[in-house]
Amino acid sequence: MAFFKDIVLKTYKQRLESGERRNDIIDIIMDEIKRTRTGGAQKQEFEDEFEKGAALDTTEIKERNYTDEESILVANAVLFFFAGFDTSAFGIGVVSHKLCLYPELQEKIYEEIIDVVGIDGKITPEKLGALKYMDMFISEALRMSEMVPSTERVCTKNYQIPGTNVVIPKGKVVTIYTEDFTQLEENFINAKEFDPENFNPENNPNKFAFQTFGQGPRNCIGMRYALMVMKVAFINILRKHRMVRGSTMQDKLKMTTEMTHFIGGLPATFVKRED
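Values in this document were obtained by computation on a predicted structure and should not be read as measured data.

Notes on unusual backbone geometry
Its identity is not glycine, yet Asn204 carries a phi of approximately 50°, on the positive side. Residue classification places Asn204 among the exposed positions, given a relative accessible area of 61%.

Below you can see the structure in the form of C-alpha cells.
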C-alpha cells in the first residue's frame, strides 16, 4: 500500500505545481475537491442511464471541510485501482469461458472488431464505445456467471418499502440476492438462456436486474475501467486468434469459497487466425 500511496502523492504534487492534466482519476478527484470546497453545483452530463443513476446529488451541499486532501485522494485512487483490477480479471475469465462455449457468437464479435477497429487498427475510446455487440456479450456472460450472488448495502435512513407497511430502519444492513431476478422473463427477453440479445436496448432489459457491478450511487467504482480493460484485451486476442475450448473445460464455472480463482482453472487453446 505504501508503494501506491507514494505514486499517487508524487503525481498529485506534480500536477499542482505544473498544472498538467491527463483527465484521469487523480484529475477527477482534484476537480471534485476544488468544486465542493468553493461551493456551487454544476450541471452534470451523462454518457448513459447507468452513469446517470450512479450520480450523487450534491446540489444541497454548501461546503465541505477537507482537512486531509491527500488522504482523500489516495483512498479513492487506490480503491479505484483495486476495484478495477479485480473486476477486470474476474470478467476476462468469465467472458473467455463463454467465448469458448459459443464459437459462433465469438465469430460475430470478431466480425464487429474487424468492422469497427480493423485487423491492425488503433484502439480509441470512440471505437471501444462502438462495439455494441461485444458490450451485450460481456454483460450477458456476467449475468449468467452467478459469481455475484448478492450485494449488501447499509440503509442510511428509515425507508418504507412502497406498497407495504414494512420499514427498513436506518443502519440496517440489507442483503439483496440477485439470482432469482436475473432469471425472470419480465426482466430479460430470454432470461433462461445465454443470449446477448437480452441486453439489446430494443428488448428493454431491466438494468436493476443486472447487479454484477451494482446500480445507483454505490455501484462499483471500477466498472468503467474494468469494461475498458476487458474490451481492449478481447480486441487484441480475437482479431488475431480464436479461443477454443480445452478438453477439461467445464460447462459451468465454479469459484473457490474464498472467491480467489476458478476451480479447475480455465483451460483454453488460442488458435492463430489464417483469414
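Here's the deal with the packing of aromatic side chains
Scanning all chains against the criterion turns up five aromatic pairs. Ring centres of Phe3 and Phe4 lie 5.5 Å apart, and the angle between their planes is 75°; on these two criteria the pair is classed as edge-to-face. The interplanar angle of 75° and the centroid separation of 5.1 Å between the aromatic rings of Phe199 and Phe210 together place this pair among those described as edge-to-face. With Phe199 in the loop between helix H8 (179-182) and helix H9 (223-238) and Phe210 in the loop between H8 and H9, this residue pair connects regions lying eleven residues apart in the sequence. What makes Phe199 buried here is its relative accessible area of 14%. Through a chain of ring-to-ring contacts, three or more aromatic side chains come together here, namely Tyr102, Phe137 and Phe194.

Here's the deal with the pattern of salt bridges
Scanning all chains against the criterion turns up ten salt bridges. Between Arg143 and Glu140 there is a salt bridge; the shortest N-O distance is 2.8 Å. Taken together, the residues span about one helical turn, with Arg143 and Glu140 both in helix H7 (residues 132-145) at a distance of three residues. Per residue, the accessibility class of Arg143 equals that of Glu140, and both read buried.

Topic: the environment of Phe199
Sequence separation between Phe199 and Met136 is 63 residues, and the spatial gap between their C-alpha atoms is 5.3 Å. Apart from the residues lying within four places of it in its own chain, the contact partners of Phe199 are Met136, Ser139, Glu140, Arg143, Phe188, Pro205 and Phe210.

Some thoughts on H7
Look at H7: 20 Å from first C-alpha to last across 14 residues, which is about the 20 Å you get at 1.5 Å a residue. Across the 14 residues of H7, twelve count as buried, placing the element largely inside the fold. A positive phi of about 60° marks Glu146, the residue just after H7.

Considering the nonpolar core
Counting residues in hydrophobic clusters, the biggest one holds 40 residues, and the most contacted among them are Val94, Val95, Leu99, Ile109, Met134 and Phe234. Elements with a minimum of two residues in this core: helix H4 (69-101), helix H5 (103-116), H7 and H9. It is H7 that provides the largest number of residues to this core, a total of eight residues.

Concerning a nonpolar patch on the surface
Where nonpolar side chains cluster on the molecular surface, the patch consists of Met1, Phe81, Phe82 and Phe85 and spans about 440 Å² of accessible area. Within the secondary structure, Phe85 is located in helix H4. Given a relative accessible area of 52%, Phe85 falls into the exposed group.

Description of the side chain of Ser145
Summarising the element assignment, Ser145 is placed in helix H7. In this structure the side chain of Ser145 is engaged in a polar contact, spanning 2.8 Å, whose partner is the backbone oxygen of Leu142. When sequence neighbours within four positions are dropped, the list of residues in contact with Ser145 reads Phe90 and Val94.

Observations regarding helix H1 (residues 2-18)
Its 17 residues give H1 an end-to-end C-alpha distance of 24 Å, which sits within 8% of 24 Å, the value for a rise of 1.5 Å per residue. Within the span of H1, buried status applies to Val8, Leu9, Tyr12 and Arg15. Buried residues along H1 cover an arc of 125° about the axis, so they all sit on one side. The outward face of H1, more than 90 degrees from its buried face, is lined by the exposed residues Ala2, Phe3, Lys10 and Glu17. Count one or two residues on from H1 and you reach Gly19, which has phi positive near 75°.

The rules we used
Residues numbered from 1 in each chain as written. Predicted model: local features only at pLDDT ≥ 70, side-chain atom pairs only at ≥ 80, totals over all residues. Heavy atoms only, no water. Buried < 20%, exposed > 50% of the residue type's maximum accessible area, 1.4 Å probe, protein only. Phe/Tyr/Trp six-rings, centres within 6.5 Å; stacked < 30°, edge-to-face > 60°. Helix = DSSP H or I, 4+ residues; strand = E, 2+ residues; numbered from the N terminus. Salt bridge = Lys/Arg side-chain N within 4 Å of Asp/Glu carboxyl O. Contact = heavy atoms within 4.5 Å. Expected span 1.5 Å × (residues − 1). Core = buried A, V, L, I, M, F, W, Y, C linked by side-chain atoms within 4.5 Å. Patch = residues over 30% accessible without salt bridge, like charges linked within 9 Å, V, L, I, M, F, W, Y side chains within 5 Å. Areas by Shrake-Rupley, 256 points an atom, 1.4 Å probe, with all protein chains shown as cover. Polar contact = N/O pair within 3.5 Å; in protein donor to acceptor, adjacent residues only side chain to side chain. Arc of directions from axis to C-beta.

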